[in-house]
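# A structural walkthrough
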Amino acid sequence: VVPALITALAEHSVRSLPEVAKILGRLRDARAVPALIQAMKIGDEDLRVAAVNALAVFREPDVFREFLTEAARPNPTVQGYIAHVLGNFQDSRALPALFRLAKHRSEEVTLHAVSAIADIGDPSGILVLREVLSRKEPVLREAAAGSLRRLGGPVRRVIPATYYLWGGLAGLAGWAIYFCWIHYR
């Protein structure tokens with residue numbers, strides 16, 4: 001059955017290609033990986049999402065590299081699924097792609113990326129998660145807070161360095177005024 005499904009997927013000879021991709025994922029036959037990778041690259045959106053979900057069961061280096069490549073392509077639906085799947089690999093090499101996806105304008109993509117960063121468990125994601133915590137969408141703030149708790153990071157927003165600079169300058173000005181008032185009185 002697997003060779004026939006691979007042929008149908010590669011030749012686009014049936015109408016329900018997303019279903020074929022899903023079946024190949026359920027069968028978990030490694031012979032289907034190249035055809036699923038090709039479907040993830042050139043298919044329509046439904047087929048691409050089905051191919052990503054089917055490839056998620058394979059923990060092969062080729063699949064991981066393809067997911068990293070596809071994460072850079074500008075398709076928010078597929079990027080969200082890929083972000084979700086990259087967390088399952090628990091490989092810190094996925095962090096740069098997830099950091100980019102965490103800053104995505106799509107709420108869904110950011111949500112999946114934030115969760116995947118916590119799934120990987122590398123504390124280098126704390127700063128990115130704190131930046132997401134500063135966004136105005138409540139769902140993203142809650143997801144970032146949950147991911148920060150899982151990583152053991154501080155659950156508070158990132159305060160820009162300029163705030164510290166202005167605060168320090170205000171403090172110095174206050175001391176200068178106080179000193180002048182005491183000294184020249």
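Please refer to the structure placed before this passage.
Residues numbered from 1 in each chain as written. Predicted model: local features only at pLDDT ≥ 70, side-chain atom pairs only at ≥ 80, totals over all residues. Heavy atoms only, no water.

## What about the overall build of the chain?
The condition is simple: We count a stretch as a helix when DSSP gives it H or I for four or more residues in a row; a strand needs E for two or more, and each element gets its number in order from the N terminus. To sort residues, take the accessible area from a 1.4 Å probe on protein chains only and compare it with the maximum for the residue type: under 20% means buried, over 50% means exposed, and anything in between is partly exposed.
Within the chain, the regular secondary structure consists of eleven helices and zero strands. Each helix and strand of the chain, ordered N terminal to C terminal, gives the series α-α-α-α-α-α-α-α-α-α-α. Seen through its C-alpha atoms, the chain measures out along the principal axes to roughly 95 × 25 × 25 Å. Within the chain, the fraction of its 185 residues that count as buried is 43%.

## A look at the packing of aromatic side chains
How we decide: Pairing of aromatic side chains requires ring centres within 6.5 Å, counting the rings of Phe and Tyr and the six-membered ring of Trp. Pairs whose planes differ by under 30 degrees are stacked, by over 60 edge-to-face, and all others tilted. Both a distance and an angle decide whether a charge sits over a ring: NZ of Lys or CZ of Arg must be within 6 Å of the ring centre and within 35 degrees of the ring normal.
For the coordinates displayed, the defined rule picks out three aromatic pairs. Pairing Trp 175 with Tyr 178 gives two aromatic rings, centres 5.9 Å apart and planes at 85 degrees, and the pair type is edge-to-face. Of this pair, Trp 175 and Tyr 178 both sit in helix α11 (residues 161-183), three residues apart, which is roughly one turn of the helix. Judged by its relative accessible area of 62%, Trp 175 is exposed. By the ring-pair criterion, three or more aromatic residues cluster together here, those being Phe 64, Phe 67 and Phe 89. Above the face of the Phe 89 ring, Arg 59 is positioned so that its terminal group lies 5.2 Å from the ring centre.

## Comments concerning the pattern of salt bridges
Counted only if it meets this: The salt bridge criterion pairs a side-chain nitrogen of Lys or Arg with a carboxyl oxygen of Asp or Glu, the two atoms within 4 Å.
Going through the model one piece at a time under the given rule, you end up with ten salt bridges. With a shortest N-O distance of 2.6 Å, Arg 31 and Asp 29 are connected by a salt bridge. Judged by relative accessible area, Asp 29 falls into the buried class, the value being 18%. The partner of Asp 119 in a salt bridge is Arg 150, and the shortest N-O contact between them spans 2.5 Å. Residue Asp 119 is located in helix α8 (residues 107-120), and its partner Arg 150 is located in helix α10 (residues 138-151); the two are separated by 31 residues in the primary sequence. We classify Asp 119 as partly exposed; its relative accessible area is 23%.

## A few points about a nonpolar patch on the surface
Note the cut-off: Patch membership requires over 30% relative accessible area and the absence of a salt bridge. Like charges are linked within 9 Å, and nonpolar side chains (Val, Leu, Ile, Met, Phe, Trp, Tyr) within 5 Å. For the accessible areas, the method is Shrake-Rupley and the probe is 1.4 Å, while residue cover comes only from the protein chains on display.
On the surface, a cluster of nonpolar side chains totalling about 470 Å² of accessible area is made up of Leu 165, Trp 166, Leu 169 and Leu 172. Considering the arrangement of structural elements, one finds Leu 165 in helix α11.

## A short note on the nonpolar core
For clarity, the cut-off: Nonpolar cores are built from buried Ala, Val, Leu, Ile, Met, Phe, Trp, Tyr and Cys residues. Side-chain atoms within 4.5 Å join them into one set.
One finds Leu 9, Leu 24, Leu 36, Leu 55, Phe 67, Leu 98 and Ile 117 to be the most contacted residues of the largest nonpolar core, which totals 57 residues. Take this core: its biggest share by element is seven residues, from helix α4 (residues 45-55).

## Concerning the packing of α8 against α10
Axis angle and axis distance: for two packed helices, these are the angle between their axes and the distance between the axes, and together they describe the pair. To keep it simple, the criterion reads: Here an angle of 0 to 180 degrees is reported between the N-to-C directions of two axes, which are lines fitted to C-alpha atoms, with helices fitted over the stretch in contact. Angle categories are assigned with fixed cut-offs, so that under 35 degrees is roughly parallel, over 145 is roughly antiparallel, 65 to 115 is roughly perpendicular, and the rest are oblique. Contacts are assigned to residue pairs that have any heavy atoms within 4.5 Å of one another. For this scheme, ten residues count as nonpolar: Ala, Val, Leu, Ile, Met, Phe, Trp, Tyr, Cys and Pro. Four count as charged, namely Asp, Glu, Lys and Arg, and the remainder, Gly too, count as polar.
Running from N to C, α8 and α10 cross one another at 10 degrees; their axes reach a closest spacing of 8 Å. Taken as axis vectors, α8 and α10 run roughly parallel relative to one another. Residues Glu 107, Thr 110, Leu 111, Val 114, Ser 115, Ile 117, Ala 118 and Asp 119 of α8 touch α10, and the partners they reach there are Val 139, Leu 140, Ala 143, Ala 144, Ser 147, Arg 150 and Leu 151. When the residues that make up the contact of α8 with α10 are grouped by side-chain class, the tally is nine nonpolar, three polar and three charged.

## Concerning the packing of helix α3 (residues 33-42) against α4
Keep this limit in mind: Left-handed is the label given to a crossing in which the near helix is rotated counterclockwise from the far helix by less than a right angle, and right-handed is the label when the rotation is clockwise.
In the contact formed by α3 and α4, the axes pass within 7 Å of each other and the chain directions differ by 145 degrees. For the crossing formed where α3 meets α4, the hand is left-handed. The residues of α4 that touch α3, namely those facing Val 33, Leu 36, Ile 37, Ala 39, Met 40 and Lys 41, are Leu 47, Arg 48, Ala 51, Val 52, Ala 54 and Leu 55.

## Some points on helix α9 (residues 126-133)
Taken across its eight residues, α9 has six buried, putting it largely inside the fold. Turning to α9, its buried residues number three or more, namely Ile 126, Val 128, Leu 129, Arg 130, Val 132 and Leu 133.

## Examining unusual backbone geometry
You will see that Arg 28, though not glycine, has its phi angle at about 55 degrees, which is positive. Note that Arg 28 resides in the loop between α2 (17-27) and α3. Take Arg 28: its relative accessible area is 56%, and that puts it in the exposed class. Positive phi, close to 50 degrees, is recorded for Gln 90, a residue that is not glycine.

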